[in-house]
Amino acid sequence: MKKRNSVGADGIAKRKEEQGRKRWKGLLRDESGAGVIEVILILVVLIAVVILFKEQILSLAQLIFGDIFTKAESVF
């Protein structure tokens, strides 16, 4: 008869514990979500800048578009 590789309960528990440690180490080293977090942080900063300088941005845009429309009227 063939002899089976029998591993006791302690061996199975140790193997599962080692697999769990490897899995946690892999998760801690995983940086796949880092790009998403960076994009979100950049968007938060941009939104904050827009909120802080809303009046200045609006007045600048009105000035620029007013100039464009004035020059466009002189062409037509």
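Residues numbered from 1 in each chain as written. Predicted model: local features only at pLDDT ≥ 70, side-chain atom pairs only at ≥ 80, totals over all residues. Heavy atoms only, no water.

Caption draft 1: Representation of the overall build of the chain within the structure. A count of helical and extended segments in the chain gives three helices and zero strands. The secondary structure elements of the chain, listed N-terminal to C-terminal, are α-α-α. Taking 76 residues into account, the globule formula puts the C-alpha radius of gyration at 11 Å, and the chain, at 31 Å, lies well above it. When the backbone C-alpha atoms are referred to their principal axes, the chain occupies close to 100 × 30 × 10 Å. The buried share among the 76 residues of the chain stands at 0%. (Helix = DSSP H or I, 4+ residues; strand = E, 2+ residues; numbered from the N terminus. Rg over C-alpha atoms; globule rule 2.2 N^0.38 Å. Buried < 20%, exposed > 50% of the residue type's maximum accessible area, 1.4 Å probe, protein only.)

Caption draft 2: A look at the pattern of salt bridges. One pass over the structure, following the stated rule, counts three salt bridges. Residue Glu 17 pairs with Arg 21 through a salt bridge whose shortest N-O separation is 2.5 Å. Of the two residues, Glu 17 and Arg 21 both sit in helix 1 (residues 9-29), four residues apart, roughly one turn of that helix. Arg 21 sits in the exposed class, given a relative accessible area of 52%. Across the salt bridge formed by Lys 71 and Asp 67, the nearest N and O atoms sit 3.7 Å from each other. Taken as a pair, Lys 71 and Asp 67 lie in helix 3 (residues 54-75) at a separation of four residues, close to a single helical turn. (Salt bridge = Lys/Arg side-chain N within 4 Å of Asp/Glu carboxyl O.)

Caption draft 3: Highlighting a nonpolar patch on the surface. Residues Val 39, Ile 42, Leu 43, Leu 46, Ile 47 and Ile 51 make up a contiguous nonpolar surface patch of about 600 Å² in total accessible area. In this structure, Leu 46 sits in helix 2 (residues 34-52). For Leu 46, a relative accessible area of 49% corresponds to the partly exposed category. (Patch = residues over 30% accessible without salt bridge, like charges linked within 9 Å, V, L, I, M, F, W, Y side chains within 5 Å. Areas by Shrake-Rupley, 256 points an atom, 1.4 Å probe, with all protein chains shown as cover.)

Caption draft 4: Representation of the environment of Ala 48 within the structure. With respect to the element layout, Ala 48 can be found in helix 2. Distance in space between the C-alpha atoms of Ala 48 and Arg 15 is 50 Å, their sequence separation being 33 residues.

Caption draft 5: Molecular detail of the confidence of the model for the chain. Confidence along the chain averages 85 in pLDDT terms, with 91% of residues attaining 70 or more. Ranking the helices and strands of the chain by mean pLDDT puts helix 2 first, with 93, and helix 1 last, with 83. (pLDDT = per-residue confidence, 0-100.)

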